Amino acid sequence: MKITAAITGVGSYVPDYVLTNKELETLVDTTDEWIVSRTGIQERHILKGENQGTSVMAIKAVEQLLAKTNTSAAEIDLLICATTTPDLVFPATANIISAAIGTTKAFSFDMQAACSGFLYALTTGAQFIQSGTYKKVVVVGADKMSSIIDYTDRSTCIIFGDGAGAVLLEPTTDGLGLLDHELCSDGRGEQHLHQKAGGSRRPPSAETVANREHFVYQEGAAVFKFAVKNMADVAAQVADRNHLSANDITWLVPHQANKRIIDATAQRVGIGPEKVMLTIHKYGNTTNATIPLCLADYEQQLRKGDNLIFAAFGGGFTWGALYVKWAYNPSGIMN
Ligand code: UT7
């Protein structure tokens with residue numbers, strides 16, 4: 001019997017503070033109408049306070065996941081954190097999360113693939129389950145995007161928000177879970193979407209700070225074109241390869257970067273808006289957290305055997321799509 005990696009639970013966390021489009025109107029030259037019509041975003045959550053890193057949100061998401069799935073930290077074999085805004089350059093945020101939740105045998109590491117990071121991490125974690133090596137793998141996607149956003153740049157500050165989402169992967173032989181993946185990257189995309197300073201090429205200095213080089217630099221229109229084409233193509237490719245017609249797909253779970261990119265992807269795989277998970281209006285683009293936050297918000301509507309297509313596009317460029325057969329019913333509904 002083939003072992004596959006099933007998602008057996010979801011946890012999530014968004015910080016309390018809500019940054020509305022109205023408040024952004026007071027910071028930069030923009031309007032609620034422009035933001036809603038060009039992106040679909042109405043508000044996003046922001047982690048406030050001194051010394052509050054991405055791990056603060058990730059820990060809360062993982063703790064909720066463990067409580068919901070009745071899992072003890074000691075049972076976890078591996079914890080992967082997908083993040084582009086780690087607490088520190090090192091150690092890995094995954095190590096910080098593991099220490100906080102009290103794992104005893106897990107090894108843990110970060111994965112950095114910008115907005116596609118959660119799909120890369122989920123696929124990586126699944127390999128350890130499929131090979132029979134591990135029984136319980138936690139994959140958490142978390143970002144404090146507000147830590148690298150320039151709130152004087154109207155083309156980026158309206159898009160991003162903070163949040164975290166986590167899933168538990170466990171083995172099954174019932175044909176459920178992650179059944180196919182297609183992950184891609186093309187480093188030529190660097191020029192269009194990057195952070196100029198803070199890494200080894202351009203370490204932090206008074207000059208890099210003065211030049212505002214520690215923030216997201218994005219050529220929005222160029223990224224938009226690549227995102228629409230690549231995310232839609234790869235989602236369609238994974239659906240076709242698995243003989244999934246539009247009718248067979250229960251849910252599209254797209255990275256939430258721009259409502260127009262999501263609509264184009266849904267159109268390409270031929271499904272209507274009622275089958276598309278959407279949270280962008282309330283969370284904005286939370287980078288590595290968008291897909292697990294969608295799963296958390298829609299968990300009560302998911303049924304065992306549902307066919308889900310996950311799709312993402314982000315900095316790198318990186319992009320990809322996964323075919324996941326959902327493995328459980330909401331509590332209260334018999335398996
Ligand atoms: O998640 C990882 C990957 N990232 C993405 O997928 C993001 C992809 N890109 C986008 O979502 C969109 O390109 C943006 C939302 C970033 C921008 O929307 P757009 O429709 O592509 O606008 P644009 O950059 O082509 O700019 C059009 C106009 C410009 O004015 P001019 O030069 O035509 O006078 C901008 O200055 O809109 C202006 N503009 C704004 N106006 C009001 C840009 N940002 C704003 C704003 N409010 N916040």
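Residues numbered from 1 in each chain as written. Predicted model: local features only at pLDDT ≥ 70, side-chain atom pairs only at ≥ 80, totals over all residues. Heavy atoms only, no water.

Brief notes about the UniProt feature "domain: Beta-ketoacyl-[acyl-carrier-protein] synthase III N-terminal" (unreviewed entry) in the chain
Look at the UniProt record and you will see "domain: Beta-ketoacyl-[acyl-carrier-protein] synthase III N-terminal" (unreviewed entry) annotated at residues 109-187. Split by type, residues 109-187 is 23% helix and 39% strand. Its first and last C-alpha atoms lie 22 Å apart. (UniProt positions renumbered as here; feature names shortened; annotations may be inferred. Helix = DSSP H or I, 4+ residues; strand = E, 2+ residues; numbered from the N terminus.)

Notes on the side chain of N230
Tracing the sequence through the fold places N230 in helix α8 (residues 220-241). On the basis of relative accessibility, which here comes to 14%, the residue N230 falls in the buried class. The residues contacting N230, other than those within four sequence positions of it, are F313 and W319. (Buried < 20%, exposed > 50% of the residue type's maximum accessible area, 1.4 Å probe, protein only. Contact = heavy atoms within 4.5 Å.)

Structural notes on the pairing of strand β7 (residues 162-172)
Taking burial as the measure, the 11 residues of β7 include 10 buried ones, the bulk of the element. With nine bridges connecting them, strand β1 (residues 4-13) and β7 associate as antiparallel partners. For I7, the partnering residue across the bridge sits in β7 and is L169. (Pairing = 2+ DSSP bridges.)

What about the environment of K60?
With respect to the helices and strands, K60 occurs in helix α3 (residues 54-69). Judged by relative accessible area, which is 36%, K60 ranks as partly exposed. Put simply, K60 and Y13 are 47 residues apart on the chain and 6.2 Å apart in space, counted from C-alpha to C-alpha.

Focus on the sheet that holds β1
As summarised here, the arrangement of the five strands in space is β1-β7-β6-β4-β5, forming an open sheet in which the pairing is mixed. The open sheet has two edge strands with one neighbour each: β1 and β5 (107-111). Strand-to-strand, the axes of this sheet are offset by a mean angle of 20°, without reference to chain direction. In this structure, strand β4 (residues 78-82) lies alongside strand β6 (residues 137-144), joined through five bridges in parallel fashion. (Axes fitted to C-alpha atoms, helices over the stretch in contact; angles between N-to-C directions.)

Looking at the site of the ligand
Among the 23 residues in the neighbourhood of the ligand, the closest are listed as T30, R38, R154, N258 and N285. Contact between the ligand and G220: an oxygen atom at 3.0 Å from a main-chain N or O atom of the residue. Note that an oxygen atom of the ligand is positioned 3.1 Å from one of the side-chain N or O atoms of H255. Coverage of the ligand by the protein amounts to 72% of the 950 Å² it exposes when considered alone. (Near = heavy atom within 4 Å. Polar contact = N/O pair within 3.5 Å; in protein donor to acceptor, adjacent residues only side chain to side chain. Areas by Shrake-Rupley, 256 points an atom, 1.4 Å probe, with all protein chains shown as cover.)

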